[in-house]
Amino acid sequence: MARSYNPEEIETKWQAVWAREKTFYVANPTLQDMQKGKAGGATYILEMFPYPSGSAHMGHVKNYTMGDVIARFRRHQGRLVLHPMGYDAFGLNSENVAIQTGEHPAVFTERAIATINRQLRRLGVAIDWDREVVTCRPEYYKWTQWLFLQFYKKGLAFRKEAPVNWCPSCQTVLANEQVIQGTCERCSTEVDAKKLEQWFFRITDYAERLLEDFNKLENWPERVITMQRNWIGRSTGSDVIFRLAAKGAEHGSSAPATADSAVSAAGGVADPLDPLAGTEITVFTTRPDTLFGATFFVMAPEHPLVEEMVCGTETEEDCRRYIRQAMGASYIERSNAEKEKTGVFTGRYVENPINGALIPIYIADYVMMDYGTGAIMAVPAHDERDFDFALKFNLPVIEVISSPEEFKNPDGSMKEAYVGDGLLVNSSHFNGLPKTEAIRQVTEWLKEQGKADFAVNYKLRDWLLSRQRYWGAPIPIIYCEKCGQVAVPEKDLPILLPDITDYQPKGKSPLAAAEHFMNTTCPTCGGPATRDPDTMDTFVDSSWYFLRYASARRDDVAFEKAAVDYWLPVDQYIGGVEHAILHLMYSRFFCKVLYDLGLVGFEEPFKNLFTQGMIHYKGAKMSKSKGNVVNPDEHVAKYGADSLRSYILFIGPAESDVEWQDKGIEGVYRFINRVWRVSCEAIEAGWLATPAGATQGTLGPLPEEAELTAAEKALLVKTHQTIEKVTADIGERFHFNTALAAIMELNNEIVAARGGDDGGPAATSSGRRVLAEAVETLIRLLEPFTPHMCAELWEMMGRKSIWDAPWPEVDSRFLSLETVEMAVQVNGKVRDRLMISKDAAAADVIAAAKALPGVVKYVEGKTVVKEIVVPGKLVNVVVK
RNA sequence: GCCGGAGUGGCGGAAUGGCAGACGCAACGGUCUUAAACACCGUAGGGCUAUGCCCGUGCGGGUUCGAGUCCCGCCUCCGGCACCA
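Below is a short write-up of the structure. Along each chain, the written sequence defines residue order, and numbers are assigned to residues from 1. Chains carry letters and ligands carry numbers; both start at the beginning, A for chains and 1 for ligands, and go up in the order they are written. With the structure being a predicted model, the display of local features is reserved for residues of pLDDT at least 70 and the display and counting of side-chain atom pairs for 80 or more, all residues being used for whole-chain, interface and lining totals. With hydrogens and water set aside, each side-chain value is computed from the structure's full complement of heavy atoms.

1. Quick notes on the overall build of chain A
The cut-off we apply is this: Helix and strand definitions here come from DSSP, where helices need a minimum of 4 consecutive H or I residues and strands a minimum of 2 consecutive E residues; each element is numbered from the N-terminal end. The cut-offs for exposure are 20% and 50% of the maximum accessible area for each residue type, with area from a 1.4 Å probe on protein chains only; residues under the lower value are buried, those over the upper are exposed, and the others partly exposed. Only heavy atoms matter for contacts: two residues are in contact if any of them lie within 4.5 Å across the pair. Accessible areas in this description were obtained via Shrake-Rupley with a 1.4 Å probe; residue shielding takes into account the shown protein chains only.
In terms of helices and strands, chain A carries 27 helices and 32 strands. The proportion of buried residues among the 880 residues of chain A is 54%. Summarising the internal contacts of chain A: among those between residues at least 6 apart in sequence, 73% fall at separations of at least 24. Looking at chain A as shown, the accessible area adds up to about 37500 Å², and 51% of this sits on carbon and sulfur atoms.

Structure, rendered in structure tokens:
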């Protein structure tokens, strides 16, 4: 009587063994060996670490199981695998809990960590827990602060006053990347624009390298690269210098209506009555070729020159009113491209450097201060937004790129903006040039006169890293009345986060009220000084945790260079696509800075990236608020970790969103039970025992091929085909669902070959040997998915640790049968089937095919025009 | 608006240009059982004048001996960005 499958018992037994024996512990090689490089097959498998907000959810189960399958698979392939885990433990969730309950965020966080840790161990994930990192503990954030100081010394961390995104609900500023369509990434509250002095990382200095180094990545999803590329938003064009005309200058010159006829005006002449006259205002444009079509000029309401410029003009009051209104508008109102254009004439003019024409300056909120220079030349004929504006304010539209008829009215005027290619017209000596050539020549011509230059612009903004919140790493900067802004000396790190009682943010960090924290002495002069009350964005913590794993317990360095250079870059990183920009771009930036500082020897942290899909339930993303959460613990309790792990990967492709089906896991559970039963039977029957004379822990040599019956040969072929498929599915394609399907097929064949429960047909010794081969392979292929059951079966076989067992190898002799079945088509439709030797010559295959009754019927009386043979698969006879 | 991705049975899904629907769920029939559960065996895209034939991978064209797969034009859904000059 075979033992019944009891996952609870088996799984807790093996989890205890793994914990006790530290099975998954991986020591760093000696310094000497590490310095020899990654030669020893060192492989770093990493999943994005969890944010401990309570307990693990199905998304975590999927993420960590996937990583575990790959880690175990690589291990069996003989690699030295690093597979660590940690917790992204600072952050707003715990702090908001603290505000509600008064409980210290550290207490809440440590409890959540303990829960998730227990869950991960209960899932049987092969993690080296000796390398665990927790970002909210001083031994970790000491080094976050230390890294901040390295950035600071390099001028890459700096303070500036700038318009920033403020979330009124979270009571803190946010980075651009944390604003999703004008709302806070965390709480979806609409953000306000506020002008504040804040800390930034100079990520814009790295924009070019962040783009270039995409080519250093081996295998990243194209869409993630595209998202980052769009976010960085590089565009090439020119900076063109316009000069502010003196008040009233426009009356002395011709109107700027026709470009070619314009004459140079008095724009550049200093005017004692108007100190601003002649001021240079630079614009960035991707279309310098359309400069002759610039009929007006627009500045953002926030532009620093605007206030002064409108002073004393007739429209001063209108301008001030408009600016007030524009600044008061919400981000969403402001950025709605659909809304009608608004703006106001400033009463002033600028001189177009290409022809000296004076064109009116408007203030309009469709020009943004945070892109380019906050001022644009407006070319209504060839820009849709400028066209809308010109229409509304009745400004001239001059065609300067020959436009197709459908863009024009019958009288030749522009009906809508034409942004496509064409030849220049109305553009003086540039007439006739094609667009791209004109872009170059116009810029060069102006450059010679010092009025323009080629320029590159990015959408990417510097990373705003300070937060007016409590639960984060304090910024290690001190403000002294005498010495100003002073970096905390490294020997004084960490700056410990003090305990406080009132976590409520009040527009500034709760730390600002903690006097014993705030009041300190200046490390330079010893005089009274105050600390920075802000904490760091949690994305700073997560931008380097993957480095810390390499030498997690070192307390004298953030990470050991030899160790990071040995293990990194990460060979396989796995996580949700929601981090496509935020975490993944910040980490890439950090890595490049650390490379420049000589702290790491590589410029990209993650060589291969896999982004998993989400698990939906009842048609929607699982969430507490929708009440459609499926609890992993319940399924572990009911079916065992092995079943849950397998099912979560079996549902569908790992990279796509999939729907959880309540009955689905039962099917996988049944499958696992069948594997258990068939394996136990084979083991108890002694088929899997090591025969006398064979190497310990092996099945001994296979019988000669000639001794095998057709059925035995078929099972052997199925076994090796399955090895081939599963190896490729796990190792190359991440198709865990089809890997499992293939293993299920093998199991089905074993069940069929073995016969019924009462004895079965395994009558011959060669048959038993082939069955043993199949069962042993089944267990080994399944180990990454169901490690507990496989460990138990392995032990029952009398073998040593399956964790250390090698991955099964394909024997190419057994990848196909001698005789294959081929489909026979006539004109592309299957009409018969043919059993024939796999090595049969094409001519013989065709002859045999044409003799089949189902084929003769369709070929008779027709002319054969073509015959196609796909070896081992199909024949197509084309007739007329 | 721009840039990605996806549309295949009742459901989740499978298929280097080569037999569409592997594998699993649900369903149905049977064996076992006093009975049920479990387990096991079997049936299963649709249609028809059924030993056979026709139709079928969102829609319409095309390339090819052969298209779920490649090309062109649409439709729908999902994701990202969005007055980016």
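2. So, the side chain of Gln15
As for its placement among the helices and strands, Gln15 is situated in helix H1 (residues 7-21). Taking relative accessible area as the criterion, Gln15 reaches 14% and is therefore assigned buried. Apart from the residues within four sequence positions on either side, Gln15 is in contact with Arg121, Arg122, Leu123, Gly124 and His788.

3. Here's the deal with the protein's contact with RNA strand B
What counts is decided by this rule: Nearness here has a simple test: a residue counts as near a molecule or strand if at least one of its heavy atoms is within 4 Å of that partner. Each polar contact in these results corresponds to two N or O atoms within 3.5 Å; when the atoms are within protein, one needs to be able to donate a hydrogen and the other to accept it, and residues that are neighboring in sequence are counted only if both atoms are side-chain atoms. When residues are grouped by polarity, Ala, Val, Leu, Ile, Met, Phe, Trp, Tyr, Cys and Pro land in nonpolar, Asp, Glu, Lys and Arg in charged, and all others, Gly among them, in polar.
Close to RNA strand B lie 57 residues, the nearest being Lys341, Arg385, Lys459, Arg833 and Tyr858. In the environment of RNA strand B, a base nitrogen lies 2.6 Å from a nitrogen or oxygen atom belonging to the backbone of Met368. Ranked by the residues each element gives to the surface near RNA strand B, the list is headed by helix H23 (residues 736-754), at six residues. Among the residues making up the surface near RNA strand B, the classes are represented as 21 nonpolar, 15 polar and 21 charged.

4. Remarks on the pattern of salt bridges
The line we're drawing: The term salt bridge refers to a side-chain nitrogen of Lys or Arg lying within 4 Å of a carboxyl oxygen of Asp or Glu.
In the structure shown here, the tally under the stated rule is 57 salt bridges. The salt bridge partner of Glu340 is Lys392, with a shortest N-O separation of 3.5 Å. In this pair, Glu340 is assigned in the loop between helix H11 (331-334) and strand S13 (344-351) and Lys392 in helix H12 (residues 384-393), connecting sequence segments 52 residues apart. A residue is classified by how much of its surface remains accessible, and Lys392, at 41% relative accessible area, is partly exposed. Salt-bridge contacts for Arg554 lead to Glu560; the nearest nitrogen and oxygen are separated by 3.2 Å. Among the ionic contacts, a cluster of salt bridges with common partners joins Arg209, Asp213, Lys216, Arg588, Lys592, Asp596, Glu603 and Glu604.

5. Details of the sheet that holds strand S2 (residues 80-82)
Note: strands within a sheet are paired through backbone hydrogen bonds, in either parallel or antiparallel orientation. Selection rule: Any two strands between which DSSP finds at least two bridges are classified as paired. Between N-to-C directions, angles span 0 to 180 degrees; the directions come from axes that are lines fitted to C-alpha atoms, helices contributing only their stretch in contact.
Reading across the sheet, the four strands line up as S2-S1-S24-S25 and stay open at both edges, with parallel pairing between neighbours. Strands with a single pairing partner mark the edges of an open sheet, and in this sheet they are S2 and strand S25 (609-612). Between one strand axis and the next, the sheet turns by 20 degrees as a mean value, whatever way the strands run. Where helix H3 (residues 58-76) meets the sheet, its contacts fall on strand S1 (42-47), S2, strand S24 (572-576) and S25, and the angle it forms with S1 comes to roughly 170 degrees.

6. With respect to the packing of H3 against helix H22 (residues 710-733)
Using the following cut-off: In this scheme, a crossing is called left-handed if the near helix is turned counterclockwise away from the far one by less than a right angle; it is called right-handed if the turn is clockwise.
Relative orientation of the contacting elements H3 and H22 amounts to 115 degrees, with a least axis distance of 10 Å. Where H3 crosses over H22, the handedness of that crossing is left-handed. Residues Val69, Phe73 and Arg74 of H3 form the contact with H22, whose participating residues are Thr727, Ile730 and Gly731. Per-class residue counts for the contact of H3 with H22 are three nonpolar, two polar and one charged.

7. Looking at the nonpolar core
The condition is simple: Note on terminology: a nonpolar core comprises buried Ala, Val, Leu, Ile, Met, Phe, Trp, Tyr and Cys residues joined through side-chain atoms within 4.5 Å.
Ranked by size, the top nonpolar core spans 190 residues in total, and within it Phe148, Trp463 and Trp660 carry the most contacts. The greatest single-element share of this core, amounting to ten residues, is contributed by helix H21 (residues 664-684). Beyond its immediate chain neighbours, meaning those up to four positions away, Trp463 contacts Ala175, Trp199, Phe200, Phe201, Ile203, Asp537, Phe539, Val540, Ser543, Tyr586, Phe589 and Phe590. Residues Ala294, Val298, Leu305 and Ala375 belong to the second largest nonpolar core, which totals 55 residues.

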